[in-house]
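Descriptive analysis of the structure
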Amino acid sequence: MAEMWISMGPQHPMTHGLWTLKVKVDGETVVDTEPDLGYIHRGVEKICEARDFTQITTYCDRLCYASANTWSHSYIYAAEDLLGVEVPERAEYIRLIAVELQRIASHLMWLGAYGPDIGNLSIMVWCLREREMMMLSLIHISEPTRPERIGSAGLVLEKKRGGGGGGGGGGG
């Protein structure tokens, strides 16, 4: 039987790494393999061609489940440069804080996912607990709008009015 190459990917993005594997087989025997690490293609460029620049921001969030804000911020920085938008210095600092919190959260997700691989479930629980704290911080930073909006920061630094007594939860 003749040898042939079979594509075994791309692997699902929710696995630990994004990759595709080409396998060379001779009948039912695997003769050779070619891994392509970091591979994922969703046709992002083509999807974005049919959308307005304001519609792409939320799509960028979905490019990476572990660090969604980072992808949105990258797009927003590029869009602001192309549009010639000047962003206030305060907004730049707020965005930096948001991206750093997201970076820490994604590292915690990596470490938490790695824990069970090495036989330690406690690491996963601890990391996910700390990641949740980072994600709650990101939610508080982005009220009432998201910090990756073009030309804005969206941070509410002032204490919420009313305070005290009842209802609603949150605030802090």
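See above for the structure.
Scope of this entry: the structure provided in the associated data block. None of the values given here were measured: they were computed from a predicted structure. (Residues numbered from 1 in each chain as written. Predicted model: local features only at pLDDT ≥ 70, side-chain atom pairs only at ≥ 80, totals over all residues. Heavy atoms only, no water.)

Some points on the packing of helix α4 (residues 89-117) against helix α5 (residues 121-141)
What counts is decided by this rule: The axes are straight lines fitted to the C-alpha atoms, using for helices just the contacting stretch, and the angles between their N-to-C directions are given from 0 to 180°. Helix numbers and strand numbers start at the N terminus; a helix is a DSSP run of H or I with at least 4 residues, a strand a run of E with at least 2. Note on angle classes: values under 35 degrees are labelled roughly parallel, values over 145 roughly antiparallel, values of 65 to 115 roughly perpendicular, and the remainder oblique. By convention, the crossing between two helices is left-handed when the near helix turns anticlockwise from the far helix through less than a right angle, and right-handed when the turn is clockwise.
Where α4 meets α5, the axes come as close as 8 Å, and the angle between the chain directions of the two elements is 160 degrees. It follows that α4 is roughly antiparallel to α5 by the angle criterion. Crossing of α4 against α5: the hand is left-handed.

Considering the state of the cysteines
Convention followed: By convention in this document, the label disulfide applies to cysteine sulfur atom pairs within 2.5 Å. Three exposure classes are used, based on accessible area relative to the maximum for each residue type with a 1.4 Å probe and protein chains only: buried under 20%, partly exposed in between, and exposed over 50%.
A complete count under the given rule lists zero disulfides for this structure. You can see Cys48 has no disulfide; the closest cysteine sulfur is in Cys60, sitting 6.0 Å from it. Owing to a relative accessible area of 8%, Cys60 belongs among the buried residues under this scheme.

Concerning the nonpolar core
Across soluble globular proteins, nonpolar side chains show a tendency to be buried alongside one another. For clarity, the threshold we go by: Among buried residues, those of type Ala, Val, Leu, Ile, Met, Phe, Trp, Tyr and Cys that are joined through side-chain atoms within 4.5 Å constitute a nonpolar core. Any two residues whose heavy atoms approach within 4.5 Å are treated as being in contact.
If you look at the biggest cluster of nonpolar residues, it comprises ten residues: Ile94, Ala98, Leu101, Ala105, Leu108, Ile123, Cys127, Met134, Leu138 and Ile141. Residue assignment for this core shows that the elements contributing at least two residues are α4 and α5. Residues contacting Ala105, with those up to four places away along its chain left out, are Arg131, Met134 and Met135. Ile56, Cys60, Tyr75 and Ile76 belong to the second largest nonpolar core, which has six residues in total.

Section: the pairing of strand β2 (residues 19-26)
Defined as follows: Paired strands, in this sense, are two strands between which DSSP finds at least two bridges.
As paired strands, strand β1 (residues 3-7) and β2 are joined by five bridges and run antiparallel to one another. Residue pairing for β2: Glu3 is matched across the bridge by Asp26. Linking β2 to strand β3 (residues 29-37), which pair antiparallel, is a turn of two residues; within it Gly27 sits at a positive phi near 70 degrees.

Quick word on α5
Quick note on the threshold: One fewer than the residue count of a helix, multiplied by 1.5 Å, yields its expected span. Within this analysis, the arc is defined by the directions that extend from the helix axis to the C-beta atoms.
Under the 1.5 Å per step criterion, the end-to-end length of α5 is 31 Å for 21 residues, consistent within 8% with the ideal 30 Å. Turning to α5, its buried residues number three or more, namely Ile123, Cys127, Arg131, Met134, Leu138 and Ile141. The buried residues of α5 occupy an angular sector of 55 degrees when projected down its axis, which confines them to one face. For α5, exposure combined with an orientation more than 90 degrees from the buried face picks out Leu121, Trp126 and Arg129. For α5, the elements touching its buried residues are α3 (68-83) and α4.

A closer look at a nonpolar patch on the surface
Operational definition: Each patch is built from residues that are more than 30% exposed by relative accessible area and take part in no salt bridge. Like charges join if they lie within 9 Å; nonpolar side chains (Val, Leu, Ile, Met, Phe, Trp, Tyr) join within 5 Å. Residue-level accessible areas treat just the shown protein chains as cover; the underlying method is Shrake-Rupley with a 1.4 Å probe. Here a salt bridge means any side-chain nitrogen of Lys or Arg lying within 4 Å of a carboxyl oxygen belonging to Asp or Glu.
Taken together, the side chains of Trp110, Leu111, Tyr114 and Ile118 make up a nonpolar region of the molecular surface, amounting to roughly 410 Å² of accessible area. Among the structural elements, Trp110 can be located in helix α4.

Focus: the pattern of salt bridges
A pair can form between side chains of opposite charge whenever their charged atoms are brought close. Scanning all chains against the criterion turns up six salt bridges. Where Glu49 meets Lys46, a salt bridge forms, and the shortest distance between an N and an O atom there is 3.2 Å. Placement of both Glu49 and Lys46 in helix α1 (residues 44-49) is noted, with a separation of three residues, approximately one turn of the helix. The residues Glu49 and Lys46 share a single accessibility class, namely exposed. The salt bridge partner of Glu100 is Arg103, with a shortest N-O separation of 2.7 Å. In this pair, Glu100 and Arg103 both sit in helix α4, three residues apart, roughly one turn of the helix. Accessibility expressed as a relative area gives 39% for Arg103, which makes it partly exposed.

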